[in-house]
Amino acid sequence: MRYTPAAVALSLVAAVSSSVLHSEASEVLDPRASALMEQGQASLKAGATGQAVDAFEAALAVEPGSVAVLVALAEAERAKGLTGKAIRYYRIALERDPRNLAALAGEGVALAEKGATEKANRRLARLESLCGADCAQTRDVSAAIARGPSPENAAKVVSAPEVKTTPGTQSANQ
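Residues numbered from 1 in each chain as written. Predicted model: local features only at pLDDT ≥ 70, side-chain atom pairs only at ≥ 80, totals over all residues. Heavy atoms only, no water.

Scanning all chains against the criterion turns up one disulfide. Covalently, C131 is tied to C135 through a disulfide, its sulfur atoms 2.0 Å apart. (Disulfide = S-S within 2.5 Å.)

Take helix α4 (residues 67-79) next. Side chains that are three or four residues apart share a direction in an α-helix, a result of its 3.6 residues per turn. Taking 1.5 Å as the rise per residue, α4 with 13 residues should run 18 Å; its terminal C-alpha atoms sit 18 Å apart, in good agreement. Burial in α4 covers these residues: V67, V69, L70, V71, A72, L73, A74, A76 and E77. Once α4 ends, the next one or two residues include G81, with phi positive near 95°. (Helix = DSSP H or I, 4+ residues; strand = E, 2+ residues; numbered from the N terminus. Expected span 1.5 Å × (residues − 1). Buried < 20%, exposed > 50% of the residue type's maximum accessible area, 1.4 Å probe, protein only.)

If you walk through the whole model with that rule in mind, you get seven salt bridges. A salt bridge links R78 to E113, with the shortest nitrogen-to-oxygen separation between them at 3.6 Å. Taken as a pair, R78 in helix α4 and E113 in helix α6 (residues 101-114) lie far apart in primary sequence, 35 residues in all. The class for E113 is buried, based on a relative accessible area of 17%. As a salt-bridge pair, R91 and E107 come within 2.6 Å of each other at their nearest N and O atoms. In this pair, R91 sits in helix α5 (residues 83-96) while E107 sits in helix α6, placing the two residues 16 residues apart along the sequence. For E107, a relative accessible area of 1% puts it in the buried group. Residues participating in the shared-partner salt-bridge network are R91, E107 and R123. (Salt bridge = Lys/Arg side-chain N within 4 Å of Asp/Glu carboxyl O.)

Moving on: the environment of R126. Residue placement: R126 occurs in helix α7 (residues 117-131). In this structure, R126 is in contact with P98, R99 and L104, ignoring residues within four places of it in sequence. (Contact = heavy atoms within 4.5 Å.)

Considering every residue of the protein, the mean pLDDT works out to 79; 71% of them sit at 70 or more. For the stretch residues 12-25, pLDDT sits under 50, and the model shows zero contacts to residues farther than four places along the chain or on other chains. (pLDDT = per-residue confidence, 0-100.)

If you want it as structure tokens, here you go:
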């Protein structure tokens, strides 16, 4: 009986702190980073992916570790066809905010484009557990998995007669 007030107080602190952690406020970007993000989004819409990447990287320099900037940078890298780099940026964003739907969906789509269907299915399952089977992010990843790997990421098979060697070259093992 004498521990009851302490136990009640401790459980109240645990409940309040856990609810605060789950309801984290969205990050507010520095005005310079916001301007660079807008510039990058405009460049991305115009098809200038190189300029978009530059703007997003500059925004990341102003706002290091910003999840919004990391996701935008990953999307620009994916638009350039660099899915490996995009996946890396999505994973950094997910380390900072594991419940970020845009980062989960982007990584799932990039993994599907790369041909890593099993990992993409895991991202899809995670998205379904967070927002359900009917949210836009879940539909995007499902569609990307159905499409399969993109042509530029598909493995290229080369047969032995197609490999050209120059005379006088030696193997590194010799």
